[in-house]
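If you want the building blocks of each chain, they are given just below.
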Amino acid sequence: MLNTPDMLLLFCLVGAANALYKQWIPDTNYENKTNWDKGAVPCGNDIVQFSAQRQVSVFVETTHAVQEMRMPVDGEFILNSGAGFYVLAGQEPGCGQGVTTKFKDSDSLQWFNPALWQVAATVDELQHGNFLFSVHEESVPCQYDDVVFKALSSFKVDTSSSQSSIPVKSVSVQGKKFDSKSEFSQYLSSRSGRLQFHGSSAITVGNPGCGDPSGCECGNSVNHQRICSSVTCASMNCKMPLLPIGHCCEVCGAIITIHYAPGFNLQSYRQRIHHLFLVQPKYKSIQLGMSKVVKSQRLMGIIPFSPSPEIQVAILDGEKGKKSEALASEIVKDARSHGSNLGITGAEFQASTGSSSNQSGGNAGMVVGIVFGVFIMITLIVIVVVLIRRGIVQMPSMPSMPSMPSMPSMPSMPSMPSMPSLRSLKRNGDIGELGGPLDHGFENPMFDKPNMLSDIPGLSGTETNNSISMTQTGVYFVNPVFDENETDFNA
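Every value quoted in this text rests on a predicted model; they were computed, and no experiment measured them. (Residues numbered from 1 in each chain as written. Predicted model: local features only at pLDDT ≥ 70, side-chain atom pairs only at ≥ 80, totals over all residues. Heavy atoms only, no water.)

Colleague: Requested: an account of the sheet that holds strand S5 (residues 68-70), with residues and values cited.
Modeller: Sheets are built from strands that pair by backbone hydrogen bonding, the pairs being arranged parallel or antiparallel. If you trace the three strands from one edge of the open sheet to the other, you get S5-S2-S8, paired in parallel fashion. Either end of the sheet is taken by a strand with one partner, and the two such strands are S5 and strand S8 (100-102). Between one strand and the next, the sheet's axes are offset by a mean angle of 20°, whatever the strand orientation. By the bridge criterion, three bridges tie strand S2 (residues 47-49) to S8 in an arrangement that is parallel. Bridge pairing in S8 places Gln49 opposite Lys102. (Pairing = 2+ DSSP bridges. Helix = DSSP H or I, 4+ residues; strand = E, 2+ residues; numbered from the N terminus. Axes fitted to C-alpha atoms, helices over the stretch in contact; angles between N-to-C directions.)

Colleague: Please set out the pattern of salt bridges residue by residue, giving values where relevant.
Modeller: Where charged atoms of side chains with opposite charge meet at close range, the side chains can pair. Per the counting criterion, the structure on display carries twelve salt bridges. Across the salt bridge formed by Glu183 and Lys176, the nearest N and O atoms sit 3.1 Å from each other. Take Glu183: its relative accessible area is 31%, and that puts it in the partly exposed class. Residues joined in a network through salt bridges with shared partners are Arg54, Asp105, Asp107 and Lys156. (Salt bridge = Lys/Arg side-chain N within 4 Å of Asp/Glu carboxyl O. Buried < 20%, exposed > 50% of the residue type's maximum accessible area, 1.4 Å probe, protein only.)

Colleague: Just give me the short version of empty space enclosed by the protein, but keep the residues and values in it.
Modeller: Under the defined criterion, the tally for this structure stands at three cavities of 30 Å³ or more. Within this model, the second largest cavity holds a volume of roughly 90 Å³. The wall of the second largest cavity is formed by Phe50, Ser51, Arg54, Gln55, Val56, Pro72, Phe103, Lys104, Asp105, Ser106, Asp107 and Lys156. Class assignment of the residues belonging to the lining of the second largest cavity gives a composition of four nonpolar, three polar and five charged. (1 Å grid on protein atoms, 1.4 Å probe; cavity = no way out; pocket = protein on both sides within 12 Å on 5 of 7 lines; lining within 4 Å. Points joined across faces, edges and corners; volume = space filled by probe spheres on them. Nonpolar A, V, L, I, M, F, W, Y, C, P; charged D, E, K, R; others polar.)

Colleague: Mind laying out the sheet that holds strand S13 (residues 170-173), listing which residues take part and the relevant values?
Modeller: If you trace the five strands from one edge of the open sheet to the other, you get S9-S1-S10-S13-S14, paired in mixed fashion. Bordering the open sheet on either side are strand S9 (117-120) and strand S14 (176-178), each of which pairs with just one other strand. Across the sheet, the axes of successive neighbouring strands diverge by a mean angle of 20°, strand direction being ignored. Relative to S14, S13 runs antiparallel, the two being bridged by three bridges.

Colleague: Any details on helix H7 (residues 266-278)? Residues and values, ideally.
Modeller: With ten of 13 residues buried, H7 is to be regarded as a mostly interior element. Burial in H7 covers these residues: Leu266, Gln267, Ser268, Tyr269, Arg270, Gln271, Arg272, Ile273, Leu276 and Phe277.

Colleague: Any details on the environment of Pro26? Residues and values, ideally.
Modeller: Its location among the elements puts Pro26 in the loop between strand S1 (21-24) and S2. Among the residues examined, Pro26 registers a relative accessible area of 18% and is labelled buried. Placed 127 residues apart in sequence, Pro26 and Ser153 show a C-alpha to C-alpha distance of 9.5 Å. Apart from residues lying up to four places away in sequence, Pro26 is in contact with Leu109, Leu116 and Phe155. (Contact = heavy atoms within 4.5 Å.)

Colleague: So what's going on with the pairing of strand S20 (residues 344-351)? Which residues, and what values?
Modeller: A regular strand carries its side chains on alternate faces of the sheet. Counted residue by residue, S20 has six buried out of eight residues, so it is predominantly covered. When strand S17 (residues 253-260) meets S20, the two strands line up antiparallel, connected through seven bridges. Counterpart to Ile256 in the pairing with S20 is Phe349.

In short, the description is geometric, and any link to function would need to be established separately.
So this is what it looks like as structure tokens:
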């Protein structure tokens, strides 16, 4: 149960923005020993060397003694108040014999590398190191986020991507916040801006913050492949590894899906989960990321339809997922108990141990989906049958040619075989087996044997009577019923 201070904190956060703060981790500070190849900051007996062909912006916080310094062709030192360099006349005690120390190259540091960012809900939590876990896509600045580069620091970041621009809400550099496009563009064109930002894509600020209390999509899915190209996935030893939406690797843990209604606030719910569960010692090793995703619903698990937004809670415990399953079970239980007050309409989880809060419900849903699909198919079949019987819809039939009496062969037109009609097939034994001899019908002595005409009295190839005439182009009949000269129809 929440105490009074916790309740006051939640009420204060109800109207808080859902944007997060993403802070760049690497720097090009002179005092950072990881920036030197010897793993130590140069002392007064050392020779300091910067690569001649590299462009670099170096922040210097204090005063340093050097023996010699070799500068780059294009670079800058950003000196803090009172900072600078001087050369010792003799040896500096405790510095050793002196070595040549090289400043490391920072050109390869990529904006879309999720390992180079830290995530926090507020500026205070960012400064106090209270960082949040996020899936890989949301570890990189989203379009609604505030990007922060440390105040007393300089840096170099490659912003190359497949897009011409990378939109964010704001960018803070050396303590100055840029949320105006024109002002930040002016900074990018300055000497410091050109040394700190390089790459094919331009960072653009001024993107409006997320106005939906239930959260907004990150917008980094278009760069999913680029983000995951810098991620190395470890092998999992749990029973059923899970892949959260927006993550590059399968994980051992649990995924909670929360269905919400108007009135749900993502930021306040994130704080609720933190104060109710994550502060407990037994969940100290848990990593929990919460984000809004869009998932396509599937009929019978196959046919996609009506994509709907959901809240995804990804829980990782670095083990086989047993702690994650326990936490997921508690969160789902809390959501079902207090859902009406939180704007939650439903919640379920799936764990890498193989357990699921809606396992029976999922099977029942699948059965319902199958029954519903079969019912639709039967209904369609009945409708088609009714339409066919009423003549509204006709079944397609194979084209057929009507049988015609044999015609005398004509030199100019070769005879063509007729296509048998399906309706002429019989089910009795008159036709025989398929492929047997076909019945060509009765013989017509008049046309099948033209030489018999000469045997008929009064008819020859050169004679013509009132009924039949034979010419070089064929044989013609005169039908007395349709003869224009006949007017008497008596037999």
